[in-house]
Amino acid sequence: MKNSLFLILLLKLCSSCNTSTELCRIKKSEARRLDSTLFTQMELDTTLGKQAVYAFLDFASQCASDSTSSVFFIKTAQVSRALKMDSVTERSLNAFIDRYPKSANKPLALFLKAQLFDEDGPYHSETKAASVYNEIIQQFPHSEWALSAKGALEFIGKTDLEISNELLLKTK
């Protein structure tokens, strides 16, 4: 009796695993389809962009065991930022940083987060931006993102005109 009950429970678990695997396969397929479609656009279509953001986030959040799911947190952040969906951008970057602290893409995620704070919008905070840029420089000193963070720190708090003038002076 105990063995048959155990077998029934095991079969139920396995069937839910297959359902979960199949669901993740479908979510991944949709996320990849939308990613490919966005890649071909010259200008971001808002409706398609929003569909992609939610499909990317759904796949990344629900299918963590898939090796490509982490990349879709980054893609979510990039597209949601372009659509000015800043709360989604921040959530997806924080999820990536929390779930994948040793990822090779962590400096990229941190840089995108710093930009969210650095640029105009509801999350604008030069102090937070500088803090995240410095975190990149300290944690990943030899990465391309550390070099970009150093450059970004030079221009925090400056207008586009001030930045342009400084760059012009450097070229002379």
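As a reminder, the structure under discussion sits directly above these lines.
Rules used in this analysis
Residues numbered from 1 in each chain as written. Predicted model: local features only at pLDDT ≥ 70, side-chain atom pairs only at ≥ 80, totals over all residues. Heavy atoms only, no water. Core = buried A, V, L, I, M, F, W, Y, C linked by side-chain atoms within 4.5 Å. Buried < 20%, exposed > 50% of the residue type's maximum accessible area, 1.4 Å probe, protein only. Helix = DSSP H or I, 4+ residues; strand = E, 2+ residues; numbered from the N terminus. Contact = heavy atoms within 4.5 Å. Salt bridge = Lys/Arg side-chain N within 4 Å of Asp/Glu carboxyl O. Disulfide = S-S within 2.5 Å. Polar contact = N/O pair within 3.5 Å; in protein donor to acceptor, adjacent residues only side chain to side chain. Phe/Tyr/Trp six-rings, centres within 6.5 Å; stacked < 30°, edge-to-face > 60°. Lys NZ or Arg CZ within 6 Å of the ring centre and 35° of its normal.

S.K.: Pulling in residues and values, what's your account of the nonpolar core?
M.R.: Counting 43 residues, the largest nonpolar core has F56, F73, F96, Y133 and I136 as its most contacted members. Where this core is concerned, the elements lending two or more residues are α1 (2-40), α2 (46-62), α3 (69-82), α4 (86-99), α5 (106-118), α6 (126-139) and α7 (144-155). Considering each element in turn, this core owes the most residues, 8 residues, to α2. In this structure, I136 is in contact with P107, L110, F111, P141, W145, A146 and A149, ignoring residues within four places of it in sequence.

S.K.: So what about the pattern of salt bridges? Which residues, and what values?
M.R.: For the structure on display, the rule yields 9 salt bridges. Among the salt bridges present, the one from E22 reaches R25, with a minimum N-O distance of 2.6 Å. Linking E22 with R25, this pair stays in helix α1, spanning 3 residues, or about one helical turn. Taking the relative accessible area as the measure of exposure, R25 reaches 49% and is therefore partly exposed. The salt bridge involving K158 is made with E166; its shortest N-O contact spans 2.5 Å.

S.K.: Give me the state of the cysteines: which residues, what numbers.
M.R.: What the rule picks out here adds up to 1 disulfide. Covalent S-S linkage joins C24 and C63, the inter-sulfur distance amounting to 2.2 Å. Residues C24 and C63 share a disulfide whose torsion about the S-S bond is about -95°; that sign makes it left-handed. Separated by 39 residues along the polypeptide, C24 in helix α1 and C63 in the loop between α2 and α3 bring together distant segments of the chain. By relative accessible area, which is 15% here, C24 ends up buried.

S.K.: So what's going on with the side chain of K27? Residues and values would help.
M.R.: Note on placement: K27 falls in helix α1. At 3.1 Å, the side chain of K27 and the side chain of D58 are in polar contact. With sequence-adjacent residues up to four places away left out, K27 is seen in contact with D58, F59, Q62 and C63.

S.K.: Explain the packing of aromatic side chains to me, using residue names and the numbers behind them.
M.R.: Within the structure shown, the criterion is met by 6 aromatic pairs. For the pair F73 and Y100, a centre-to-centre distance of 6.4 Å together with 55° between the ring planes defines the contact as tilted. Of the two residues, F73 is situated in helix α3 and Y100 in the loop between α4 and α5; the sequence distance between them amounts to 27 residues. A residue is classified by how much of its surface remains accessible, and F73, at 1% relative accessible area, is buried. A relative accessible area of 18% means that Y100 is categorised as buried. Between F111 and Y133 the ring centres are 5.6 Å apart and the planes differ by 55°, which places this aromatic pair in the tilted class. Of this pair, F111 sits in helix α5 while Y133 sits in helix α6, and the two are 22 residues apart along the sequence. When sorted by exposure, F111 lands in the same class as Y133, which is buried. A connected cluster of aromatic rings, assembled from ring pairs, spans F56, F59 and F72. The ring centre of F72 lies 5.8 Å from the NZ or CZ of K75, which sits over that ring.

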